[in-house]
Amino acid sequence: MEERGINVLGVSETWWLNQGRFTTSIDYTLVYSGKESGKREHGVGIIMDKNTRSFVGFNPVRSRIITLTLHGTPFNITVVQIYVPTSTASDDDMENFYGQLQDTLDKISSKDLLAVAGDWNAKMGQSDFKSTVTGTFGLGQRNERGDRLEDFCQANDLIIGNTLFQQHPRRLWTWISPGDNVRNQIDYILGNLKECSNHRNISLISHVSKVLLKIINNRMTQKLNREIAEDR
């Protein structure tokens, strides 16, 4: 994060259970939300670097949605990190997710600067025409999940930031299949078009987050084990 100048980093697929907040040995703060019990799957979190001191609070909505609010002047900033069900999920699962996400956005102050980021498991695709919610610089062909995401953006006056800026294709894909046979763009950052310039330091990482969080988890486990041993 420090090397890339990232202050706030959203992560999907943490695979952690329960919800919580902790600070690492290098003074990074992580808030997370996962399932209460059972199989380790889903999970979302947000990491703040040591320079981010404007923390107001967070809301672990469910294992696929978490919000973080930072104090700002003149407006606060709210980041929503999500992980949308995959293509194998049922239509009911999708509707339940988008319904919960809509309820979450409705509870956020309309004055807050808003960024909704994460793994949408949707392909917006490349287009020759800019719409009210997308630019022309997507990747590949749009699918039905992309249509669903566009409907959500239109209903909430959001625009998909990834599609606004021209990049080499190798900088557009966000997911790679096992064996490197397929590369897709399925992770996006949404925000109000007029405020997109304020989202430059809000980034996301999806599938590789499991590696990063495993490292953090191992370090925290070692630290806790040392403290428990000292107490004994």
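Note that the coordinates shown come from a computational prediction; the quantities given were computed from them, not determined experimentally.

Asks: Sorry if this is basic, but what is going on with the packing of aromatic side chains here?
Replies: For any pair of aromatic rings, geometry is given as the distance between the ring centres together with the angle between the planes. For the structure on display, the rule yields 8 aromatic pairs. Taken together, the ring pairs connect Phe97, Tyr98, Trp120 and Phe152 into an aromatic cluster. Positioned over the ring face of tyrosine 98 is arginine 148, at 4.1 Å from the centre of the ring.

Asks: Is there a simple way to explain the nonpolar core in this structure?
Replies: Looking at soluble globular proteins, one finds that nonpolar side chains tend to be buried together. Among the nonpolar cores identified, the biggest contains 23 residues, and Val80, Ile82, Val116, Trp120, Leu149, Phe152 and Leu190 are the most heavily contacted of them. Among the elements that take part in this core, helix H1 (residues 91-106) stands out by supplying 5 residues, more than any other. Excluding its chain neighbours within four sequence positions, the residues that come into contact with valine 116 are Val80, Ile82, Leu105, Leu158, Tyr188, Ile189 and Leu190. Listed in part, the 10 residues of the second largest apolar core include Val31, Val44, Met48 and Leu70.

Asks: What am I meant to see in the sheet that holds strand E9 (residues 159-160) here?
Replies: Strand pairing in a sheet is mediated by backbone hydrogen bonds. Such pairs are either parallel or antiparallel. Read from one edge of the open sheet, 6 strands run E5-E6-E7-E8-E12-E9, paired in mixed fashion. Since the sheet does not close on itself, it has two edges, and those belong to strand E5 (55-62) and E9, each with one partner. Summarising the sheet, strand E8 (residues 113-119) and strand E12 (residues 187-191) pair through 5 bridges and their orientation is antiparallel. By the bridge assignment, aspartate 119 is partnered in E12 with aspartate 187. Strand contacts of helix H2 (residues 144-156): E9 and E12, with the helix running at about 15° to E12, the strand carrying the most contacts.

Conventions and cut-offs
- Residues numbered from 1 in each chain as written.
- Predicted model: local features only at pLDDT ≥ 70, side-chain atom pairs only at ≥ 80, totals over all residues.
- Heavy atoms only, no water.
- Phe/Tyr/Trp six-rings, centres within 6.5 Å; stacked < 30°, edge-to-face > 60°.
- Lys NZ or Arg CZ within 6 Å of the ring centre and 35° of its normal.
- Core = buried A, V, L, I, M, F, W, Y, C linked by side-chain atoms within 4.5 Å.
- Buried < 20%, exposed > 50% of the residue type's maximum accessible area, 1.4 Å probe, protein only.
- Helix = DSSP H or I, 4+ residues; strand = E, 2+ residues; numbered from the N terminus.
- Contact = heavy atoms within 4.5 Å.
- Pairing = 2+ DSSP bridges.
- Axes fitted to C-alpha atoms, helices over the stretch in contact; angles between N-to-C directions.

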